[in-house]
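# Structural overview
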Amino acid sequence: MAESEIGRIFSSLIHEIRKLEKTRKLSIEEDELLNRAIQWLKNHQHPEGYWGYESVADTGLVLLALATYGIKERKWVIKGKYGGGIQKSVQWLKDALNVDNWGKNLWDTSICLQALLRLGVTEDWIVRVIQWVRKECKENPEKYPIHHLAQAVNALVEAGFPEDAYNVCKFIANKEEELMKKGQVLDLYVAGQVLDALTRAKFDLTSSIITNLETNLRKSLERIGNEGISEASFQDVTMAFMGLASFLGGEDNPLINSITAELFKTPERFKYDGSWYHDAKKTAFALIGISKIKDIRKVNEFPNRIYRIITRYQREVVKIFDSFKEREMKRMSVVKKGYFWISVVYCSIIASLLISLIFGINDSMCQLIISTLLVPISLSAAVKAYFSYKGRLKEQG
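Bear in mind the structure is a predicted one, so any value in this text is a computation, not a measurement.

## Focus on the confidence of the model for the chain
For the chain, per-residue confidence averages 84 on the pLDDT scale, and 73% of positions sit at 70 or higher. Of all secondary-structure elements in the chain, the lowest mean pLDDT belongs to strand β4 (residues 296-297), at 46, while helix α5 (residues 106-118) reaches the highest, 98. Per-residue pLDDT stays below 50 along residues 295-299; that stretch engages in 22 contacts with residues further than four places along the chain or on separate chains.

What follows is the structure in structure tokens.
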């Protein structure tokens, strides 16, 4: 029975993994909208290289969005008039750097670091930034909000320090566990970034922390899907969407599809000029979130999807073995009880024979016969009693 059950489980596992060979693609229309958004960002770069109001955070976000979509052009023309490009933005960030960080802000620094690493920048000042992020995460994690640490995890993964990233994940998980005990829930903006970071760092997918984050994000996005996305909540929704899409690993999910349609809704959210709300920061957030479901081969892009499937089937196998173990223990208990009562019977016979030998029989021949019988019976009884006693010790241990 156990063999047939295990065979069924592994057949289902193979079937699930084969499904990961399929890709999930955006429609041609949605791809075109993404291209327009990328072009809008390029046209709204300031000639000095930044986006927003000389904002490090906005510039880092836009660079991260562009790098995520493979945009690495050193130069381009802004609105047909001014010189722009990745090179100008990288130089602007370098000039704004405070030795090894941007404004001692872990979130801003981690976002910029991810963007620069994806763009292939490997100069000495980037190494200093990496070391600052590592040092802050190791020595002062309690100083920073959870979503700052989440982006630091992503930066450490990008920089090639998975062990450092995993240690930060453990700190985040402990903080989240404390909040759960108090009955508190992370807001969408934070929860989405945390789930994305834990997923990218390959944190324990069976963790109650991850399950709790996924459940809360699902409930919130389902509610928002019914009510609609407002401009005020757009940033929160895109980060929640990013986290859940990252965790689901490109899965063709009805909830993800519903939120995707809401994000692209024109002209309520996606504007005719190719932006989201005519805002560089919101446009970058949207592009980063949607990148989690763009044309991908899921088995390559999201290995955590495989880990989740294997973990689920592993639980089923464990249940079968636990059930088998329980049945075997019950069977052994019955056998041990049988040995015990056999031992009792043998001991009773021995006692009766000894009493007869000592007190009731004077004939030497009868005594010899009884003595001859006593030897094998005694040995057999001792063996039965020994195994029964040994079995009880194992049960207690």
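## Observations regarding the side chain of Ser275
Relative to the helices and strands, Ser275 is located in the loop between α12 (254-263) and α13 (280-290). Within polar-contact distance, the side chain of Ser275 engages the backbone nitrogen of His278 at 2.9 Å. In this structure, Ser275 is in contact with Trp40, Arg269, Phe270 and Thr283, ignoring residues within four places of it in sequence.

## Observations regarding the environment of His44
Here His44 shows up in the loop between α2 (28-43) and α3 (56-68). Other than its neighbours up to four places away in sequence, His44 contacts Trp51 and Lys79. For His44, the side chain forms a polar contact with the main-chain oxygen of Trp40, separated by 2.8 Å.

## Here we look at α2
With 16 residues, α2 extends 23 Å from end C-alpha to end C-alpha; this agrees with the ideal 22 Å at 1.5 Å per step. Residues of α2 that are buried include every one of Glu30, Leu33, Leu34, Ala37, Ile38, Trp40, Leu41 and Lys42, and no others. Packed against the buried residues of α2 are α3, β2 (76-78), α12 and α13.

## Examining the nonpolar core
Grouped together as the largest cluster of nonpolar side chains are 103 residues, with contacts concentrated most on Leu66, Trp102, Val194, Trp276, Leu287 and Ile290. It is helix α11 (residues 234-248) that provides the largest number of residues to this core, a total of 10 residues. Filtering out sequence-adjacent residues up to four positions away, Leu287 remains in contact with Leu34, Ala37, Ile38, Leu41, Ala65, Tyr69 and Trp276.

## Focus: the side chain of Glu176
If you trace the backbone, Glu176 turns up in helix α8 (residues 162-181). It is Lys175 that comes nearest to the buried, bridge-free Glu176 among opposite-charge side chains, at 10 Å. With near-sequence residues (within four places) excluded, Glu176 lies in contact with Leu186, Ile209, Asn212 and Leu213.

## Concerning the state of the cysteines
Across all of its chains, the model carries zero disulfides by this definition. The cysteine Cys169 is free of any disulfide, with Cys137 supplying the nearest cysteine sulfur at 10.0 Å. A relative accessible area of 0% means that Cys169 is categorised as buried.

## Details of helix α6 (residues 124-139)
Taking 1.5 Å as the rise per residue, α6 with 16 residues should run 22 Å; its terminal C-alpha atoms sit 23 Å apart, in good agreement. Those residues of α6 lying buried are Trp125, Ile126, Val129, Ile130, Trp132, Val133, Glu136 and Cys137. Buried residues in α6, looked at end-on, bunch into an arc of 160°, giving them a common side. Of the exposed residues in α6, the ones pointing more than 90 degrees away from its buried face are Asp124 and Lys138.

## What to know about the packing of helix α7 (residues 146-159) against helix α9 (residues 188-200)
Contact geometry of α7 with α9 gives a least axis separation of 8 Å together with a crossing angle of 30°. In terms of orientation, α7 and α9 fall into the roughly parallel class. For the pair α7 and α9, the sense of crossing is left-handed. In this structure, α7 contributes Ile146, His147, Ala150, Gln151, Val153, Asn154, Val157 and Glu158 to the contact, and α9 contributes Tyr189, Val190, Gln193, Val194, Asp196, Ala197 and Arg200.

## Regarding the packing of aromatic side chains
In this structure the tally under the stated criterion is eight aromatic pairs. Here the aromatic rings of Tyr50 and Trp92 are separated by 5.3 Å at their centres, their planes lie at 45°, and the arrangement is tilted. One end of the pair, Tyr50, is in the loop between α2 and α3; the other, Trp92, is in helix α4 (residues 86-96), with 42 residues separating them in the sequence. Here Tyr50 and Trp92 have matching classes, each one buried. Consider the rings of Trp102 and Trp125, whose centres lie 6.4 Å apart with planes at 80°: the pair is edge-to-face. With Trp102 in the loop between α4 and α5 and Trp125 in helix α6, the pair connects residues that are 23 residues apart, well separated along the chain. A relative accessible area of 2% places Trp102 in the buried class. Note on Trp125: relative accessible area 4%, which makes it buried.

Thresholds, definitions, all that
- Residues numbered from 1 in each chain as written.
- Predicted model: local features only at pLDDT ≥ 70, side-chain atom pairs only at ≥ 80, totals over all residues.
- Heavy atoms only, no water.
- pLDDT = per-residue confidence, 0-100.
- Helix = DSSP H or I, 4+ residues; strand = E, 2+ residues; numbered from the N terminus.
- Contact = heavy atoms within 4.5 Å.
- Polar contact = N/O pair within 3.5 Å; in protein donor to acceptor, adjacent residues only side chain to side chain.
- Expected span 1.5 Å × (residues − 1).
- Buried < 20%, exposed > 50% of the residue type's maximum accessible area, 1.4 Å probe, protein only.
- Core = buried A, V, L, I, M, F, W, Y, C linked by side-chain atoms within 4.5 Å.
- Lys, Arg positive; Asp, Glu negative; His and termini not counted.
- Salt bridge = Lys/Arg side-chain N within 4 Å of Asp/Glu carboxyl O.
- Disulfide = S-S within 2.5 Å.
- Arc of directions from axis to C-beta.
- Axes fitted to C-alpha atoms, helices over the stretch in contact; angles between N-to-C directions.
- Parallel < 35°, antiparallel > 145°, perpendicular 65-115°, else oblique.
- Left-handed = near helix turned anticlockwise from the far one by under 90°.
- Phe/Tyr/Trp six-rings, centres within 6.5 Å; stacked < 30°, edge-to-face > 60°.

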